[in-house]
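# A look at the structure
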Amino acid sequence: MASSDNEDYFYCTDEDDGCQSAGEDYDFSDGEYEEDDRADDGVKKKEKQYDLETEDDVRKKQDEAVAKVSESLALPRGFAAVALRHFQWDTEQLGNEWFDEQGRIREKLGVPANDGGVHVPTALNDRGLTCAICFDGFGPGEMRSAGCRSHFYCHECWRGYIRAAVGDGARCLTLRCPDPRCRAAVARELVDAVAGDEDRARYATFFLRSFVEEGKSKLVRWCPGPGCTRAVRSRVGASLREVSCDECGHVFCFGCGGDQEPHRPASCDTARAWVAKHSSDGETANWVLANTKHCPKCRRAIEKNQGCMHMTCSAPCRHEFCWLCLGPWEPHGSSFFSCNRYNQDKAEGKLTEADNRQRQAQASLERYLHYYERWTAFGASRKKAREDLDGLQDGGLDAVAAEMGRQPTEMDFLMHAYAQIVESRRVLRWTYAYVYYMDPERDGAKRELCEHLQGEAEGSLERLHDCAEKERQDLVAEVKADPSAACVDDNKFAAYREKLSNLTSVTKNHFNNLVKGFEDGIAEVVV
């Protein structure tokens, strides 16, 4: 069963009139719903901010766009598609530029001029010819050309040409006539006429995905879930950020184009900068500067990996020097030269430029590691909580209920608690990337506020997680320790259920406040 961080986990409390979905009421997850008009009782309803579309839905919209351009510009559908793709599937821009610079566009795209009313994307030979690829002779109707109607090739050579192009990926959509002097476009009609079934299907897939991936519209994205073929279309006017695919359960950031997990409260720019930072070699360079010294002779960076202060640079330099003072090693034979002498200049802050660079690099690295370690730790903790939640969903809840001597329907509040934990861990994780990019000097007061909100939310989350995990295990242990006990005492179970439900609500409120505080005018500085 597909899992989702925002799946609907149902819970009930004694105060509830009925059950509600845990995935529906996360105020900090604005991707799926937005508050809209009010119901008759004055309570705000939530309207979904996006729609999921199948490949057939997307194909229908693509076909409509191609048909519209084909009719308005009097172009065969294949050439209309070539032109649309060049203009990023923007029918309005294509129409405006086509009537102003039709000749230039035709030449650039390899769309031949309408000569004498004959305007076709592919043509059959009307007399015997020799294929310019395999050099075999063929009779009339046994060869084809692209729209140029000048360079004819046999069907088998066309099939191999297209197979090679399709194997090269989406670039097959820009295929031209095999003659190197000809720029005629290979249109969809020609591919459908000569390609094998498998190659034709792959070409059609690249063509369909181009409509979403290369289109100018920012309102639609393919779901990046493994093997998922759904497209997510944002409704006009929606401020869509987080999306949970109903088909595969994958959760992603719509603003990042599906390349990133949801990262509120950090902006998309901050998330991209942070991921690029810890995946690049930039911090390795900082580590080298902070933890190595340069050979005084050749300036090569050297890391001290043994206890002795006697350093020998690697070949071809082979310079011998002291690690402490960086002076030549030879005078150290009879005494420690100046290594044991107190350096008054350094004590008074008279540091060399190299000293300053090293200290700055050390401080920068330590600051980065502070935030990175916490970002990583919360990511690992969230992953474990996600696994626990999936386990409860996939039959684990029945086992937990059996251990406590309860019915599974009595344990739904535990599912809601773990759903809250998973989402809260993710939100808290990204606050560290957010704070890292705040200006330490200019935003001192704002950073203190952010850190205060972090601390409040983190404390609430840890209490919730401890109750959901450790206190539950303690109740189970009591039952196992008492052979006469068939289940957890009713009063203890009721108290545990009330406590966990309250902690879930409190944690939810803390994270609502955290996200609101971070997003309300506290800006990161992404350099």
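Look a little higher up for the structure.
Residues numbered from 1 in each chain as written. Predicted model: local features only at pLDDT ≥ 70, side-chain atom pairs only at ≥ 80, totals over all residues. Heavy atoms only, no water.

What follows is about the pairing of strand β12 (residues 231–234). Burial along β12 is two-sided: the face carrying Ala231 and Arg233 and the face carrying Val232 and Ser234 are both buried. Here strand β5 (residues 50–53) pairs with β12 via 4 bridges, running antiparallel. Counterpart to Tyr50 in the pairing with β12 is Ser234. (Buried < 20%, exposed > 50% of the residue type's maximum accessible area, 1.4 Å probe, protein only. Helix = DSSP H or I, 4+ residues; strand = E, 2+ residues; numbered from the N terminus. Pairing = 2+ DSSP bridges.)

We now examine the packing of aromatic side chains. Going through the model one piece at a time under the given rule, you end up with 20 aromatic pairs. An angle of 85 degrees between the planes, with centres 5.2 Å apart, marks the rings of Trp89 and Phe211 as edge-to-face. Residue Trp89 is located in the loop between α2 (77–86) and α3 (91–100), and its partner Phe211 is located in helix α7 (residues 197–213); the two are separated by 122 residues in the primary sequence. Consider the rings of Trp274 and Tyr436, whose centres lie 5.3 Å apart with planes at 65 degrees: the pair is edge-to-face. Of the two residues, Trp274 is situated in helix α8 (residues 268–279) and Tyr436 in helix α12 (residues 412–436); the sequence distance between them amounts to 162 residues. By the burial criterion, Trp274 is buried, and Tyr436 matches it. Through a chain of ring-to-ring contacts, three or more aromatic side chains come together here, namely Trp274, Tyr368, Tyr371, Tyr372, Trp375, Phe378, Trp430, Tyr432, Tyr436 and Tyr437. In this structure, Lys277 packs its charged tip against the face of Tyr368, placed 5.3 Å from the ring centre. (Phe/Tyr/Trp six-rings, centres within 6.5 Å; stacked < 30°, edge-to-face > 60°. Lys NZ or Arg CZ within 6 Å of the ring centre and 35° of its normal.)

Below, the discussion takes up the sheet that holds strand β6 (residues 123–124). Spatially, 3 strands are ordered β6-β9-β10 in an open sheet, and the strand pairing comes out antiparallel. Each end of this open sheet is capped by a strand with a single partner; those strands are β6 and β10 (153–154). Across 2 bridges, the pairing between β6 and strand β9 (residues 143–145) is antiparallel. If you follow Ala123 over to β9, its bridge partner there is Ser145.

For the rest of this paragraph, the subject is the environment of Gly255. Within the element layout of this structure, Gly255 appears in the loop between β14 (251–253) and α8. A relative accessible area of 37% places Gly255 in the partly exposed class. Taking the C-alpha atoms as reference, Gly255 lies 9.4 Å from Arg221; in sequence the two are 34 residues apart. For Gly255, the contacting residues outside a window of four places in its chain are Arg221, Leu240, Arg241, Cys268 and Arg272. (Contact = heavy atoms within 4.5 Å.)

Turning to α3, its buried residues number three or more, namely Leu94, Gly95 and Trp98. Taken end-on, α3 shows its buried residues confined to a sector of 100 degrees, consistent with a single buried face. In α3, the exposed positions angled more than 90 degrees off the buried face are occupied by Glu92 and Asp100. Buried residues in α3 make contact with α1 (55–73), α2 and α4 (102–109). Here α3 starts with a cap whose side-chain oxygen sits 3.1 Å from the backbone nitrogen of Glu92, and that cap is Asp90. (Arc of directions from axis to C-beta. Polar contact = N/O pair within 3.5 Å; in protein donor to acceptor, adjacent residues only side chain to side chain.)

A word on α12. Over its 25 residues, α12 extends 38 Å from the first C-alpha to the last, a length consistent with the 36 Å expected when each residue adds 1.5 Å. Taking burial as the measure, the 25 residues of α12 include 24 buried ones, the bulk of the element. (Expected span 1.5 Å × (residues − 1).)

Looking now at the nonpolar core. Counting residues in hydrophobic clusters, the biggest one holds 53 residues, and the most contacted among them are Trp274, Met404, Met411, Leu414, Leu500 and Leu514. Counting residues per element, this core draws most heavily on α12, at 16 residues. What Leu414 contacts, discounting residues up to four positions off in sequence, is Leu392, Leu397, Val400, Ala468, Arg472, Tyr496 and Leu500. Core analysis: the next-biggest nonpolar cluster, separate from the first, contains 52 residues, Trp89, Ala195, Trp222 and Ala231 among them. (Core = buried A, V, L, I, M, F, W, Y, C linked by side-chain atoms within 4.5 Å.)

This part takes up the state of the cysteines. As enumerated under the stated definition, the model contains 0 disulfides in all. Free cysteine: Cys148, not disulfide-bonded; nearest cysteine sulfur from Cys182 at 3.8 Å. (Disulfide = S-S within 2.5 Å.)

The next subject is the packing of helix α5 (residues 155–167) against α7. Running from N to C, α5 and α7 point in directions that differ by 45 degrees, and their axes come no closer than 10 Å. By the angle between their directions, the pair α5 and α7 is classed as oblique. In the packing of α5 onto α7, the handedness of the crossing is left-handed. Seen from α5, the contacting residues are Arg163, Val166 and Gly167; seen from α7, they are Asp199, Arg202, Tyr203 and Phe206. In terms of residue class, the contact of α5 with α7 is built from 3 nonpolar, 1 polar and 3 charged. (Axes fitted to C-alpha atoms, helices over the stretch in contact; angles between N-to-C directions. Parallel < 35°, antiparallel > 145°, perpendicular 65-115°, else oblique. Left-handed = near helix turned anticlockwise from the far one by under 90°. Nonpolar A, V, L, I, M, F, W, Y, C, P; charged D, E, K, R; others polar.)

All right, on to the packing of α3 against α4 then. Between α3 and α4, whose axes approach to 5 Å, the crossing angle comes to 110 degrees. Classified by the interaxial angle, the pair formed by α3 and α4 is roughly perpendicular. Counting all contacts with α3, which are made through Glu97, Trp98 and Asp100, the residues of α4 involved are Gln102, Arg104, Ile105 and Arg106. For the contact of α3 with α4, the class distribution of residues is 2 nonpolar, 1 polar and 4 charged.

This part covers unusual backbone geometry. Between Arg264 and the following residue, Pro265, the backbone shows a cis peptide bond with an omega angle of 10 degrees. That bond from Ala315 to Pro316 is cis: its omega, 5 degrees, falls within 30 degrees of zero. Relative to the elements of secondary structure, Pro316 occurs in the loop between β17 (310–312) and β18 (320–322). Phi is positive for Phe135, close to 65 degrees, though the residue is something other than glycine. Within the element layout of this structure, Phe135 appears in the loop between β7 (129–130) and β8 (137–138). What makes Phe135 exposed here is its relative accessible area of 62%. With phi around 55 degrees, Arg149 is a residue other than glycine that occupies positive phi space. Mapped onto the fold, Arg149 is located in the loop between β9 and β10.

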